[in-house]
Each structure stands twice: as structure tokens, then as C-alpha cells.
Amino acid sequence: MEEALVAGGWGLLAGGGLLIGAFVGYDLRMSARAVALVMAFGSGILIAAVTFDLVTDAHERGGLTPTLLGALAGTGLYTGANVLLARRGARHRKRSGGQQPSEAERPGSGNAIALGALLDGIPESVVIGASLIGGGGVSAATVAAVFISNVPEGLSSSAGMRRSGRDRRYVFGLWCGITVISGMSALLGRTVLGTMPDAALAAVSALAAGAILSMIADTMIPEAFERAHLLTGLVTVLGFLAAFALSQS
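Residues numbered from 1 in each chain as written. Predicted model: local features only at pLDDT ≥ 70, side-chain atom pairs only at ≥ 80, totals over all residues. Heavy atoms only, no water.

Some words on the overall build of the protein
So, step 1. Scanning the protein from terminus to terminus reveals eight helices and zero strands.
So, step 2. Helices (α) and strands (β) of the protein occur, in sequence order from the N terminus, as α-α-α-α-α-α-α-α.
So, step 3. Scored against the burial criterion, the 249 residues of the protein give a buried share of 49%.
So, step 4. Nonlocal contacts in the protein, meaning residues at least 24 apart in sequence, comprise 85% of its contacts between residues at least 6 apart.
So, step 5. As displayed, the protein offers around 10800 Å² of accessible surface, 69% of which is attributable to carbon and sulfur atoms. (Helix = DSSP H or I, 4+ residues; strand = E, 2+ residues; numbered from the N terminus. Buried < 20%, exposed > 50% of the residue type's maximum accessible area, 1.4 Å probe, protein only. Contact = heavy atoms within 4.5 Å. Areas by Shrake-Rupley, 256 points an atom, 1.4 Å probe, with all protein chains shown as cover.)

Concerning the packing of aromatic side chains
So, step 1. What the rule picks out here adds up to three aromatic pairs.
So, step 2. Ring geometry for F52 against F240: centres 5.6 Å apart, planes inclined by 50°, an arrangement best described as tilted. Within this pair, whereas F52 is found in helix 2 (residues 32–62), its partner F240 is found in helix 8 (residues 231–248), the two being separated by 188 residues in sequence.
So, step 3. Looking at F240, the relative accessible area reads 24%, which means it is partly exposed.
So, step 4. Ring centres of F52 and F244 lie 4.9 Å apart, and the angle between their planes is 45°; this geometry places the pair in the tilted category. Within this pair, whereas F52 is found in helix 2, its partner F244 is found in helix 8, the two being separated by 192 residues in sequence.
So, step 5. Owing to a relative accessible area of 30%, F52 belongs among the partly exposed residues under this scheme.
So, step 6. Ring-pair connections join several aromatic residues into one group, and the members of that group are F52, F240 and F244. (Phe/Tyr/Trp six-rings, centres within 6.5 Å; stacked < 30°, edge-to-face > 60°.)

Observations concerning the environment of S158
So, step 1. Here S158 lies in helix 5 (residues 140–163).
So, step 2. Residue classification places S158 among the buried residues on the basis of a relative accessible area of 0%.
So, step 3. The sequence separation of S158 and R29 amounts to 129 residues, and the corresponding C-alpha distance is 9.7 Å.
So, step 4. Other than its neighbours up to four places away in sequence, S158 contacts A22, G25, Y26, V171 and W175.

Topic: helix 1 (residues 2–28)
So, step 1. Counted at 1.5 Å a residue, the expected span for helix 1 with its 27 residues is 39 Å, and the 39 Å between its end C-alpha atoms agrees.
So, step 2. With its phi angle positive at about 60°, R29 sits one or two positions after the end of helix 1. (Expected span 1.5 Å × (residues − 1).)

Things to note about the packing of helix 2 against helix 7 (residues 198–228)
So, step 1. Interhelical geometry of helix 2 versus helix 7 gives an angle of 165° and a closest axis separation of 8 Å. Taken together, the axis directions place helix 2 and helix 7 in an arrangement best described as roughly antiparallel. Crossing of helix 2 against helix 7: the hand is left-handed.
So, step 2. By residue class, the composition of the contact of helix 2 with helix 7 is 26 nonpolar, four polar and six charged. (Axes fitted to C-alpha atoms, helices over the stretch in contact; angles between N-to-C directions. Parallel < 35°, antiparallel > 145°, perpendicular 65-115°, else oblique. Left-handed = near helix turned anticlockwise from the far one by under 90°. Nonpolar A, V, L, I, M, F, W, Y, C, P; charged D, E, K, R; others polar.)

Some remarks on the pattern of salt bridges
A side chain with one charge may pair with a side chain of the opposite charge, provided their charged atoms come close.
So, step 1. For the structure shown, the criterion picks out three salt bridges.
So, step 2. Note that R168 and D27 form a salt bridge whose closest N and O atoms lie 2.5 Å from each other. Of this pair, R168 sits in helix 6 (residues 168–193) while D27 sits in helix 1, and the two are 141 residues apart along the sequence.
So, step 3. For R168, a relative accessible area of 42% gives the class partly exposed. (Salt bridge = Lys/Arg side-chain N within 4 Å of Asp/Glu carboxyl O.)

Remarks on the side chain of S125
So, step 1. Summarising the element assignment, S125 is placed in helix 4 (residues 109–130).
So, step 2. Looking at S125, its side chain comes within polar contact range of the side chain of S182, at 3.4 Å.
So, step 3. Contacts of S125, omitting those with residues within four sequence positions, involve S182, S185 and A186. (Polar contact = N/O pair within 3.5 Å; in protein donor to acceptor, adjacent residues only side chain to side chain.)

Digging into the UniProt feature "transmembrane region" (unreviewed entry) in the protein
So, step 1. Taken from the UniProt record, the annotation "transmembrane region" (unreviewed entry) applies to residues 6–28, 35–55, 67–86, 170–193, 199–216 and 228–246.
So, step 2. The distance separating the terminal C-alpha atoms of residues 6–28 is 33 Å; by composition the span is 100% helix and 0% strand.
So, step 3. Secondary structure across residues 170–193 comprises 100% helix and 0% strand; the distance between its end C-alpha atoms is 33 Å. (UniProt positions renumbered as here; feature names shortened; annotations may be inferred.)

Topic: the packing of helix 7 against helix 8
So, step 1. Taken N-terminus to C-terminus, the directions of helix 7 and helix 8 make an angle of 130°; their axes are 8 Å apart at the nearest point. On the basis of their axis angle, the class for helix 7 and helix 8 is oblique. Here helix 7 contributes I221, A224, F225 and A228 to the contact with helix 8, which in turn contributes L231, T232 and T236.

See the structure below:
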């Protein structure tokens, strides 16, 4: 039980990046180009976390087949859910410009955006909890990657929510709720996944990897490229290398 609580604490810490990003995006009003560059950097960090922590760990635990099947299942589930939410107004939930619809323009879009934010955040938190399985310490690289990548996610989404007319109570209530759920997801990742055999655990880790990669490609990179253009690749690689260096320390 103690390890589960520790996992929940790390999940809360990583989810706290959303609150920091929300404050910056809603109150400080960074330029759209600056938001895009931060989003590109966060994308690179998450790609590194997926590569060096999730997929590698899944392959070592369960071999190639569970890893491939899990990743395919993850991308399929995420894409299907994302398509449904996009049709209800959550397509541009990470965009910082005027793309997000207001509630008057698209009734129910606020709920869709909230569900989309949960869809994006839960796989990352589950992985933090799973990293404690086996008696080892939490993966500092994974926690740091999720925390740092959550900052631009919260930043960009909150800037877009402000521009679409959503008030402070909605924005910060949303991110506070998701931060708490991130902690709970990490706790469940430790308790539930800890009872699974290695092959099943590998498949779940790979499933999270597939979902996270799909999220990066569908929601983060488009926001970065729209404003940063040809700098997107450079800044994404810098984020990737920063996370890689952290994982090697």
C-alpha cells in the first residue's frame, strides 16, 4: 500500500505541470509562437519517454509480440476515442489560438474538451505507477518527462480556452481535477498492474506508448508546426535529447 501511495504522489507531481501551464497560458498570455516552441519541446520529451522507458521496458518484459500488439491497441483505442470527441468539439483542445469553439458556438464542447484532456493524460500517469512495479524506484526520467510535457499542454489548451471565452473557474477547475485523476491513475497503475504477469504488463505499457505517440502526432505537433513552422523539428529534437540525457544520468 505504501508503494501505491508513493506512486499516487508522483502522479500528482507530474500532473502538476498542467496547473503551471494553465496559469502561464491563462494569465501571462505568451505569444502564440512561444507556446508553439514549448509544445514542440514537450513533444520531443514525450517521444523520448515512450522510446526509452515504455517500449524498451515492454520489450524486455514480454518480448516483441505483446509490445507490437499493445502499441497497436493503444493507438487504435486513442484514435477511435479522439475521433468521437473531435466530432463533439474537442478537436482543437490543445490549440492556443481561436480554434476552440465556445460553448455558445458548440454546446457540449466544454465537456468534450475535458474528456479529451483526460484521454491525453491518463496513459502517462498509469505508466508512472507501473514504473514502481518490481520494487525499484520510480523512473525519474518518466516523471520529469510527463511533468515537463504537461506544462505546454496546459499552457496551450488554457490559452485557447481563454480565447474561446471559457472563464477562470472552468479552466482551473478542469486542470485541478485532471491533476487529481493523474495521481489516482498512477496509484491504480501500481496496484492493478502489479498483479499482472510480465507479458500482460508489457502489453499495457506498450498500449500506453501507442496512445501517447498518437496523442503527440494528433494534437501536439500540429499546434507546434502551425506557429513555429520549420523550427518545430529542431526544438522537438532538443526536447528529445534533453530527456535522453536525463534518462542516462
